[in-house]
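# Close look at the chain arrangement
Spelled out from the first residue to the last, the chains are:
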Amino acid sequence: MKFPTKLETLAIHGGTPARAKLLPYGRQSLSDADIEAVVEVLKSDWLTTGPKIAEFEERFAAWVGARHAISFSSGTAALHGAAFAAGLAPGDEAITTPLTFCATANCILYQGATPVFADVSPDTLNLDPGEVAGKISPRTKAIIAVDYAGHPVPLDELAELAKAHGALLIEDACHALGAEYRGKRVGGIADMTVFSFHPVKHLTTGEGGMVATNDPRRAETMRRFRNHGISSEARERQEAGQWFYEMVLLGFNYRLPDFACALGIQQLKKLEANLARRREIAALYTAAFHEIPGVIPPAVRSEASPAWHLYPILLDVEKLTTDRAQIFAALRAENIGVNVHYIPVHLHPYYRDHFGFRGGEFPVAESAYARLITLPMFPAMSAQDVDDVIAAAAKVFSTYSR
Ligand SMILES: Cc1ncc(COP(=O)(O)O)c(C=O)c1O
């Protein structure tokens with residue numbers, strides 16, 4: 001990849017865009033075999049909670065290295081299930097990161113408990129264990145840590161903190177299916193690990209989610225929770241020729257349909273190849289962006305192998321003549337589908353109104369937010385797509401560098 005030696009006119013200033021068509025930041029990869037597997041279930045007797053659910057859960061659990069996996073209708077529902085199984089209730093607190101999708105903190109509110117935010121580390125933008133330690137109180141029942149962009153959190157330190165205070169560690173690994181921490185895949189390490197199967201994620205079922213755990217009691221609680229709190233499933237009863245069931249806890253309908261599970265089973269087969277492609281793209285980006293002034297590529301700690309759901313760069317503002325808004329607009333004009341992950345949760349109007357946040361409470365997360373740009377990252381990106389992103393970034397950043 002050659003970087004421009006003289007400044008090209010940016011598309012935002014009337015020049016030719018780096019590519020003709022917008023490249024999205026994320027996109028699903030579906031094959032004909034995936035589609036056929038779904039159609040097969042649509043022609044069968046069980047559209048929901050049939051045989052595919054157990055097959056998907058067993059294969060998924062084996063893949064991540066956990067004893068149990070419980071499927072849900074979304075990652076958000078899975079987070080709710082984990083918060084319920086952790087016993088979160090009014091009067092309890094759960095510590096989480098502000099730099100995440102709002103669903104991570106919302107699951108604490110669904111249970112009537114109080115979210116307590118702690119700031120992130122400046123390199124990985126993951127929860128900083130030192131900040132978490134400062135937020136622990138006798139009411140802390142859980143730490144909900146997010147593997148931001150797919151980089152695993154410091155699981156050992158956080159697990160130790162949780163254990164020392166009688167709290168549970170819930171890992172929101174919605175970005176991190178396939179990420180490794182000290183050579184082990186996330187899923188079997190924290191008390192509960194939550195995944196999302198939204199189309200931009202590593203594996204999709206349309207909408208969907210999963211909680212992986214090694215604890216059989218919590219697994220059973222979550223199976224009931226996702227099915228109205230009922231003690232048996234309709235298919236089990238039909239096959240046993242029985243009608244009787246009881247509701248034993250207050251649950252929801254958070255079931256994942258069988259045809260979605262069929263898609264999940266298919267997608268699981270390609271997960272390793274897709275992860276390898278994400279890692280390849282990340283390596284190409286990082287090598288190129290180290291050479292482009294004004295760009296700070298994402299950090300990777302030595303104990304981690306990220307799953308690269310996102311590739312977020314930080315702007316090195318001192319080397320730039322403009323701000324994130326202008327760089328963002330310039331990259332979009334080049335037809336690069338950039339995005340921003342995330343507005344810190346405490347700055348959303350709901351959290352400001354209900355908890356009195358005003359900004360300034362979490363300086364590391366807030367400073368990162370002002371400088372973050374997410375670049376396209378998905379396994380189906382071609383070599384040309386990757387080159388286009390790098391060329392557009394080189395063009396835009398060299399125009400705005402000091
Ligand atoms: C960190 C994180 N947690 C939770 C979720 C919620 O997952 P879902 O969209 O499957 O409900 C997302 C979704 O993007 C996410 O990024």
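Here is what the cut-offs are and how they apply
- Residues numbered from 1 in each chain as written.
- Predicted model: local features only at pLDDT ≥ 70, side-chain atom pairs only at ≥ 80, totals over all residues.
- Heavy atoms only, no water.
- Pairing = 2+ DSSP bridges.
- Helix = DSSP H or I, 4+ residues; strand = E, 2+ residues; numbered from the N terminus.
- Axes fitted to C-alpha atoms, helices over the stretch in contact; angles between N-to-C directions.
- Contact = heavy atoms within 4.5 Å.
- Core = buried A, V, L, I, M, F, W, Y, C linked by side-chain atoms within 4.5 Å.
- Buried < 20%, exposed > 50% of the residue type's maximum accessible area, 1.4 Å probe, protein only.
- Patch = residues over 30% accessible without salt bridge, like charges linked within 9 Å, V, L, I, M, F, W, Y side chains within 5 Å.
- Areas by Shrake-Rupley, 256 points an atom, 1.4 Å probe, with all protein chains shown as cover.
- Salt bridge = Lys/Arg side-chain N within 4 Å of Asp/Glu carboxyl O.
- Right-handed = clockwise from strand over helix to strand, strands pointing away.
- pLDDT = per-residue confidence, 0-100.
- Phe/Tyr/Trp six-rings, centres within 6.5 Å; stacked < 30°, edge-to-face > 60°.
- Lys NZ or Arg CZ within 6 Å of the ring centre and 35° of its normal.
- Arc of directions from axis to C-beta.
- Near = heavy atom within 4 Å.
- Polar contact = N/O pair within 3.5 Å; in protein donor to acceptor, adjacent residues only side chain to side chain.
- Nonpolar A, V, L, I, M, F, W, Y, C, P; charged D, E, K, R; others polar.
- Lys, Arg positive; Asp, Glu negative; His and termini not counted.
- Parallel < 35°, antiparallel > 145°, perpendicular 65-115°, else oblique.
- Left-handed = near helix turned anticlockwise from the far one by under 90°.

## Digging into the sheet that holds strand 9 (residues 209-213)
- Judged by pairing direction, the sheet is mixed, and its seven strands sit side by side in the order 1-9-8-5-4-2-3 without closing on themselves. Unpaired on one side and paired on the other, strand 1 (68-72) and strand 3 (114-117) mark the two borders of the sheet. Pairwise comparison of adjacent strand axes, ignoring direction, gives a mean angle of 25 degrees for this sheet.
- By the bridge criterion, five bridges tie strand 4 (residues 140-146) to strand 5 (residues 168-172) in an arrangement that is parallel. Residue pairing in the sheet places Ala-142 in a bridge with Leu-168 of strand 5.
- Docked against the sheet, helix 2 (residues 51-64) engages strand 1, strand 8 (192-196) and strand 9, running at close to 130 degrees with respect to strand 1.

## Things to note about the nonpolar core
- With 43 residues, the main nonpolar core has Phe-56, Phe-60, Val-64, Val-132, Leu-169, Leu-177 and Phe-195 as its most contacted residues.
- Those elements that provide at least two residues to this core are helix 2, strand 4, helix 6 (155-164), strand 9 and helix 9 (258-289).
- Contact partners of Leu-169, with chain neighbours within four places excluded, come to Ile-143, Ala-145, Leu-155, Leu-158, Ala-159, Ala-162, Ala-190, Asp-191 and Met-192.

## Focus on a nonpolar patch on the surface
- Together, Leu-30, Ile-35, Val-39, Leu-42 and Leu-47 line one region of the surface with nonpolar side chains, adding up to about 410 Å² of accessible area.
- Residue placement: Leu-30 occurs in the segment before helix 1 (32-42).
- Judged by its relative accessible area of 44%, Leu-30 is partly exposed.

## Thoughts on the pairing of strand 5
- Of all the five residues making up strand 5, five are buried; the element is thus mostly covered by neighbouring parts of the structure.
- Side-chain alternation along strand 5 places Leu-168, Ile-170 and Asp-172 on one buried face and Leu-169 and Glu-171 on a second face that is also buried.
- Handedness of the crossover is the feature at issue here: the chain leaves strand 4, passes through helix 6, returns alongside strand 5, and the resulting connection is right-handed.

## Some remarks on the confidence of the model for the chain
- Mean pLDDT for the chain: 96, with 99% of residues reaching 70 or above.
- Looking across the chain, the model is least confident in helix 8 (residues 234-239), with a mean pLDDT of 79, and most confident in strand 8, with 99.

## A few points about the packing of aromatic side chains
- In this structure the tally under the stated criterion is 23 aromatic pairs.
- Note on Phe-117 and Phe-362: the rings are 6.1 Å apart at their centroids and 70 degrees apart in plane angle, and the pair reads as edge-to-face. Of this pair, Phe-117 sits in strand 3 while Phe-362 sits in the loop between helix 11 (349-355) and helix 12 (363-371); the two residues are 245 residues apart in sequence, bridging distant segments of the chain. Phe-362 carries the same exposure label as Phe-117, and that label is buried.
- In this structure an aromatic cluster arises from ring pairing among Phe-117, Tyr-350, Tyr-351, Phe-355, Phe-357 and Phe-362.
- Over the ring of Trp-63 we find Arg-185; its NZ or CZ atom is 3.6 Å from the centre of that ring.
- One residue, Arg-324, lies across the ring of Tyr-369, its end atom 5.1 Å from the ring centre.

## A few points about helix 12
- Restricting attention to buried positions, one finds in helix 12 the residues Ala-365, Glu-366 and Ala-368. All buried residues of helix 12 fall inside an arc of 160 degrees around its axis, so they share one side.
- In the core, the buried residues of helix 12 are packed alongside strand 12 (311-315) and strand 13 (372-375).

## Section: the site of the ligand
- The environment of the ligand is formed by 16 residues, the closest being Gly-75, Thr-76, Asp-172, Ser-196 and Lys-201.
- Between the ligand and the protein, one listed contact pairs a nitrogen atom with a side-chain N or O atom of Asp-172 at 2.7 Å.
- Between the ligand and the protein, one listed contact pairs an oxygen atom with a side-chain N or O atom of Tyr-342 at 3.1 Å.
- Mapped by element, the contributors of at least two residues to the shell around the ligand are helix 3 (75-85) and helix 4 (103-110).
- Considering each element in turn, the shell around the ligand owes the most residues, three residues, to helix 3.
- Residues that form the shell around the ligand fall into these classes: six nonpolar, eight polar and two charged.

## Structural notes on the side chain of Arg-278
- Considering the arrangement of structural elements, one finds Arg-278 in helix 9.
- No salt bridge is formed by the buried Arg-278. Its closest oppositely charged neighbour is Glu-280, at 12 Å.

## Quick look at the packing of helix 3 against helix 7 (residues 216-225)
- Where helix 3 meets helix 7, the closest approach of the two axes is 9 Å, and the angle between their N-to-C directions is 130 degrees. Of the possible angle classes, the one that applies to helix 3 and helix 7 is oblique. Of the two possible hands of crossing, helix 3 and helix 7 adopt the one that is right-handed. On the side of helix 3, the interface is formed by His-80, Gly-81, Ala-82, Phe-84 and Ala-85, while helix 7 contributes Arg-218, Thr-221, Met-222 and Phe-225.

## A look at the pattern of salt bridges
- Enumeration over the complete set of coordinates arrives at 17 salt bridges.
- Lys-52 serves as the salt-bridge partner of Glu-55, at 3.7 Å between the closest nitrogen and oxygen. Taken together, the residues span about one helical turn, with Glu-55 and Lys-52 both in helix 2 at a distance of three residues.
- Overall, Glu-55 belongs to the partly exposed group, its relative accessible area being 26%.
- Of the charged contacts in the structure, one is a salt bridge between Lys-319 and Asp-316, with a shortest N-O distance of 3.1 Å.

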